[in-house]
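# Inside the fold
Listed here are the chains, written in short residue letters.
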Amino acid sequence: MAKILVTGGAGYIGSHTCIELLAADHEVIVLDNLCNSSEEALLRVQDIATKVMTFVQGDIRDSAALDRLFQTYAIDAVIHFAGLKAVGESQKFPQLYFDNNIAGSLSLFNAMEKAGVFKLVFSSSATVYDEANVSPLNETMPTGTPSNNYGYTKLMVEQILQKLQQADERWSIALLRYFNPVGAHKSSRIGEDPQGIPNNLMPYLTQVAVGRREKLSIFGNDYDTADGTGVRDYIHVVDLANAHLCALNNRLNQTGCRVWNIGTGKGSSVLELKNTFEQVNGIEIPFEFSPRREGDVATSFADNTRALSELGWKPQYSLKDMLADSWNWQKQNPTGFN
Ligand code: NAD
Ligand code: WQD
């Protein structure tokens, strides 16, 4: 059992990870400024886990608050989810993204170093890969110049962490490159709750299903894929949460900085996802084809063999599970946590 600081723990992936950490008997301290989440998620996590966590409402850019936190709790390791993630918004407000995601991360790493805490799991993204790579993407393939500022912040923080570790061997860092997280906890009590119009496919689709949006726009049907629509590697958020536990256990016993892809290794197209959603949930999804979205690639899916062999992690959930669980969460919480 260890004491784990979870930044961004009230968010979508963080809240699911807290449940798994509590189930594994870790002590959890969440630091979140609630800019894209609600405290209700944390209350529900404690209910589901029948265990308590400590919640500190605060910002990773607040160095004094971080110092206080590290002085108060003898933290063993940090899982760092806190960050902004809307691609379109990052194009409009680059400074906001650089400040929150890059400066915020630096402020956290400084506070960790001061406190002598060197174990870290960082939320990176498959978006850091060079678009010229052909899927399945593996960790030895080159990173590129991300087409948007959000992706750029992920690449920058990865590179900063690699350099920190090269300079000081005490650091032990896991860079987890997530593919496309979807789904929700089986209890349907926590799930993804985007503010405003969803940017991502799955929350948009479930909001159409629940009647909050009229129809799904499928961005492009002329890609070089089997049915012309974009292919992605969707991964159940509970499988992703478990990957954090495996990465944490790995890092607690080793040093270095290591990258792992966290995906299922299987690509699904937008049409396949919509059609399977209809079959699994018995709901028809009105849709139209619309032009390609700028910055999208045709196909992206993971080679996950490194995570399978080195982390002892294995995804358990199928696409059908992901679609059923996403829908159950949306159906039972039509307006999210509100
Ligand atoms: P989320 O928005 O649900 O969770 C992020 C949490 O961080 C929120 O609770 C938010 O309030 C908090 N936060 C943001 N800025 C903060 C700050 N400065 N100080 C303190 N708290 C702050 O997002 P998520 O989907 O759970 O993503 C978690 C992490 O994973 C993010 O870093 C994201 O970029 C990364 N990621 C997400 C995806 C995805 O598709 N969801 C894919 C790849 C990587
Ligand atoms: C999936 C597929 C779209 C919405 C993004 C970020 C990435 C990571 C995960 C966070 C694509 C299509 C979508 C819609 C559609 N983010 N689509 N209609 O673009 O793979 O990845 O989220 O940290 O960095 O770039 O995910 O869910 O937006 O799109 O047809 O209304 O669905 O074109 O093929 P994406 P997505």
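In this text, all values refer to a predicted model and were calculated from it rather than measured experimentally. (Residues numbered from 1 in each chain as written. Chains lettered and ligands numbered in written order. Predicted model: local features only at pLDDT ≥ 70, side-chain atom pairs only at ≥ 80, totals over all residues. Heavy atoms only, no water.)

### Structural notes on the site of ligand 1
Looking at ligand 1, there are 27 residues lining it, with Asp32, Asn36, Ser37, Lys85 and Tyr150 nearest. Between ligand 1 and Ser37 there is a distance of 2.6 Å, counted from an oxygen atom to a side-chain nitrogen or oxygen. For ligand 1, whose accessible area on its own is 820 Å², the fraction buried by protein is 96%. Breaking the shell around ligand 1 down by element, the ones donating at least two residues are helix H1 (12-23), strand S5 (119-125) and helix H6 (149-167). Here the shell around ligand 1 gets 3 residues from one element, more than from any other, and that element is S5. Broken down by class, the residue content of the shell around ligand 1 amounts to 11 nonpolar, 11 polar and 5 charged. (Near = heavy atom within 4 Å. Polar contact = N/O pair within 3.5 Å; in protein donor to acceptor, adjacent residues only side chain to side chain. Areas by Shrake-Rupley, 256 points an atom, 1.4 Å probe, with all protein chains shown as cover. Helix = DSSP H or I, 4+ residues; strand = E, 2+ residues; numbered from the N terminus. Nonpolar A, V, L, I, M, F, W, Y, C, P; charged D, E, K, R; others polar.)

### Overview of the sheet that holds strand S12 (residues 268-269)
With respect to topology, 3 strands assemble into an open sheet ordered S12-S9-S14, the strand pairing being mixed. Every other strand in the sheet has two partners, leaving S12 and strand S14 (299-300) as the edge strands with one partner each. (Pairing = 2+ DSSP bridges.)

### As for the pattern of salt bridges
According to the stated counting rule, one finds 17 salt bridges in the structure shown. Residue Asp25 pairs with Lys51 through a salt bridge whose shortest N-O separation is 2.7 Å. Taken as a pair, Asp25 in the loop between H1 and strand S2 (27-32) and Lys51 in the loop between helix H2 (39-49) and strand S3 (54-57) lie far apart in primary sequence, 26 residues in all. What makes Lys51 partly exposed here is its relative accessible area of 30%. (Salt bridge = Lys/Arg side-chain N within 4 Å of Asp/Glu carboxyl O. Buried < 20%, exposed > 50% of the residue type's maximum accessible area, 1.4 Å probe, protein only.)

### Concerning the side chain of Asp67
Relative to the helices and strands, Asp67 is located in helix H3 (residues 63-72). A polar contact is formed between the side chain of Asp67 and the side chain of Lys114, at a distance of 2.7 Å. Not counting residues within four places of it along the chain, the set of residues in contact with Asp67 comprises Ala111 and Lys114. (Contact = heavy atoms within 4.5 Å.)

### A closer look at the environment of Lys320
One can find Lys320 in helix H11 (residues 319-332). Between the C-alpha atom of Lys320 and that of Phe277, which follows or precedes it by 43 residues, the distance is 7.4 Å. Apart from residues lying up to four places away in sequence, Lys320 is in contact with Thr276 and Val280.

### A short note on the site of ligand 2
Ligand 2 sits among 17 residues. The nearest are Tyr150, Ser217, Arg232, Arg293 and Asp296. One of the side-chain nitrogen or oxygen atoms of Asn180 is found 3.0 Å away from an oxygen atom of ligand 2. The backbone of Ser217 places a nitrogen or oxygen atom 2.7 Å from a nitrogen atom of ligand 2. Within the complex, 87% of the 680 Å² of free accessible area of ligand 2 lies under protein. When residues of the shell around ligand 2 are assigned to their parent elements, the largest contribution, 3 residues, is made by strand S8 (residues 216-219).

### Details of the packing of helix H5 (residues 94-115) against H6
Across the interface, H5 lies against H6 with an axial gap of 9 Å and an inter-helix angle of 20°. When the axes of H5 and H6 are compared, the pair comes out roughly parallel. Our pair here, H5 against H6, has a crossing hand that is right-handed. Together, Pro94, Tyr97, Phe98, Asn101, Ile102, Ser105, Leu106 and Phe109 of H5 and Asn149, Tyr150, Tyr152, Thr153, Met156, Val157, Ile160, Leu161 and Leu164 of H6 make up the contact between the two elements. Counted by class, the contact of H5 with H6 contains 13 nonpolar, 4 polar and no charged residues. (Axes fitted to C-alpha atoms, helices over the stretch in contact; angles between N-to-C directions. Parallel < 35°, antiparallel > 145°, perpendicular 65-115°, else oblique. Left-handed = near helix turned anticlockwise from the far one by under 90°.)

### Section: the sheet that holds strand S11 (residues 256-262)
Here we have 7 strands laid out as an open sheet, ordered S3-S2-S1-S4-S5-S6-S11, and parallel in their pairing. Of all the strands in the sheet, just S3 and S11 have a single pairing partner and so form its edges. Strand after strand, the sheet turns through a mean of 20° between neighbouring axes, direction not considered. Here H5 sits on the sheet in contact with strand S1 (3-7), strand S4 (77-80) and S5, set at roughly 175° to S4.

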